[in-house]
Amino acid sequence: MSKPKNPKNAKSAKNAKKPSKPKDAPRRPDPAVTPASPCPCGRAEAYRDCCAAFHQGRATAPTAERLMRSRYSAFAVGDTGYLLRTWHPTTRPGSLDLEPAQRWTGLDILGTTGGSAFHTEGTVEFRAHFSAHGHADSQYENSRFVRQDGQWVYLDALSSV
């Protein structure tokens, strides 16, 4: 919050009117995921025991699929810092703005190649389900992951033919 330019003309905090928001103004949905909630990634664990460990830096994803799942969960909880940290520096955007009205509703892993503890590259083919502005939709992608300094990172999406 910025300070008023001229404090003499500023209203006191008690008497200041809060600006009204239009009812249809976009906003980030209230967090629906708590530590005890099922993890958005679709695994059986609670969020605190699954992807939250990666988001909070308590653990790193051991496989490309787990990184994909944790990145999906990061979209679901709005953790742009984690998304940027786990993006390869050659393809990482400078910043990331999430659509405030978008809710991620499910993840289907359709296939994987490589991506284990014994690989340096891997792919994860998935369909991510979401709703935005009352409309349900999904995003299909076959993502490519590589190891950088021993950690899995998202590189890019393979083009679909």
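Predicted model only: the values in this text are computed from it and were never measured. (Residues numbered from 1 in each chain as written. Predicted model: local features only at pLDDT ≥ 70, side-chain atom pairs only at ≥ 80, totals over all residues. Heavy atoms only, no water.)

Brief notes about the overall build of the protein chain
Right, so step 1: What the protein chain contains, in helices and strands, is three helices and four strands.
Right, so step 2: Along the protein chain, helices and strands appear, N-terminal first, in the series α-α-α-β-β-β-β.
Right, so step 3: Counting over 161 residues, the protein chain shows a buried share of 32%.
Right, so step 4: Here the contacts in the protein chain between residues at least 6 apart in sequence split such that 45% fall between residues at least 24 apart. (Helix = DSSP H or I, 4+ residues; strand = E, 2+ residues; numbered from the N terminus. Buried < 20%, exposed > 50% of the residue type's maximum accessible area, 1.4 Å probe, protein only. Contact = heavy atoms within 4.5 Å.)

Let's talk about the pairing of strand β2 (residues 121-132)
Right, so step 1: Here strand β1 (residues 102-114) pairs with β2 via eleven bridges, running antiparallel. What sits directly across from Leu107, in β2, is Ala128.
Right, so step 2: Two strands pair when backbone bridges link them, and β2 and strand β3 (residues 135-148) are joined in this way by twelve bridges, in the antiparallel orientation. Paired with Phe126 across the strands is Glu141, a residue of β3. (Pairing = 2+ DSSP bridges.)

Looking at the confidence of the model for the protein chain
Right, so step 1: Considering every residue of the protein chain, the mean pLDDT works out to 85; 80% of them sit at 70 or more.
Right, so step 2: Ignoring residues within four places in sequence, the model shows residues 1-30, a span with pLDDT below 50, making 18 contacts including any to other chains. (pLDDT = per-residue confidence, 0-100.)

Some remarks on the packing of aromatic side chains
Right, so step 1: Under the defined criterion, the tally for this structure stands at five aromatic pairs.
Right, so step 2: When the ring of Trp87 is compared with that of Tyr154, the centres are 5.4 Å apart and the planes differ by 80 degrees; the resulting orientation is edge-to-face. Here Trp87 is found in the loop between α3 (80-85) and β1, whereas its partner Tyr154 is found in strand β4 (residues 151-157), with 67 residues between them in sequence.
Right, so step 3: Residue Tyr154 is classed as buried on the basis of its relative accessible area of 11%.
Right, so step 4: One aromatic cluster is present, formed by Tyr72, Phe75, Trp104 and Phe130 through successive ring pairs.
Right, so step 5: Between the NZ or CZ atom of Arg71 and the centre of the ring of Trp87, over which it lies, the distance is 5.0 Å. (Phe/Tyr/Trp six-rings, centres within 6.5 Å; stacked < 30°, edge-to-face > 60°. Lys NZ or Arg CZ within 6 Å of the ring centre and 35° of its normal.)

Thoughts on the pattern of salt bridges
Right, so step 1: Going through the model one piece at a time under the given rule, you end up with three salt bridges.
Right, so step 2: Arg43 is the partner of Glu45 in a salt bridge, and the nearest nitrogen-oxygen pair spans 3.4 Å.
Right, so step 3: For Glu45, a relative accessible area of 30% translates into the label partly exposed.
Right, so step 4: The shortest N-O distance in the salt bridge between Glu65 and Arg69 comes to 3.0 Å. (Salt bridge = Lys/Arg side-chain N within 4 Å of Asp/Glu carboxyl O.)

Section: the environment of Gly106
Right, so step 1: Within the secondary structure layout, Gly106 lies in strand β1.
Right, so step 2: For the pair Gly106 and Ser73, spaced 33 residues apart in sequence, the C-alpha to C-alpha distance is 9.6 Å.
Right, so step 3: Setting aside residues no more than four positions away along its own chain, Gly106 makes contact with Tyr72, Arg127, Ala128 and His129.

Notes on the sheet that holds β4
Right, so step 1: Spatially, four strands are ordered β1-β2-β3-β4 in an open sheet, and the strand pairing comes out antiparallel. Only two strands of the sheet have a single neighbouring strand rather than two, namely β1 and β4. Each adjacent strand pair in this sheet contributes to an overall mean axis angle of 35 degrees, direction not counted.
Right, so step 2: Across the sheet, helix α2 (residues 64-77) is in contact with β1, β2, β3 and β4; its angle to β1 comes to roughly 170 degrees. (Axes fitted to C-alpha atoms, helices over the stretch in contact; angles between N-to-C directions.)

Some thoughts on the side chain of His55
Right, so step 1: On the secondary structure map, His55 appears in helix α1 (residues 51-55).
Right, so step 2: When its relative accessible area of 6% is taken as the criterion, His55 is described as buried.
Right, so step 3: A distance of 2.7 Å separates the side chain of His55 from the side chain of Tyr47, its partner in a polar contact.
Right, so step 4: Of note is the side chain of His55, whose polar atom sits 2.8 Å from the backbone oxygen of Ser70.
Right, so step 5: Residues contacting His55, with those up to four places away along its chain left out, are Tyr47, Ser70, Ser73, Ala74, Val77, Asp79, Tyr82 and Arg85. (Polar contact = N/O pair within 3.5 Å; in protein donor to acceptor, adjacent residues only side chain to side chain.)

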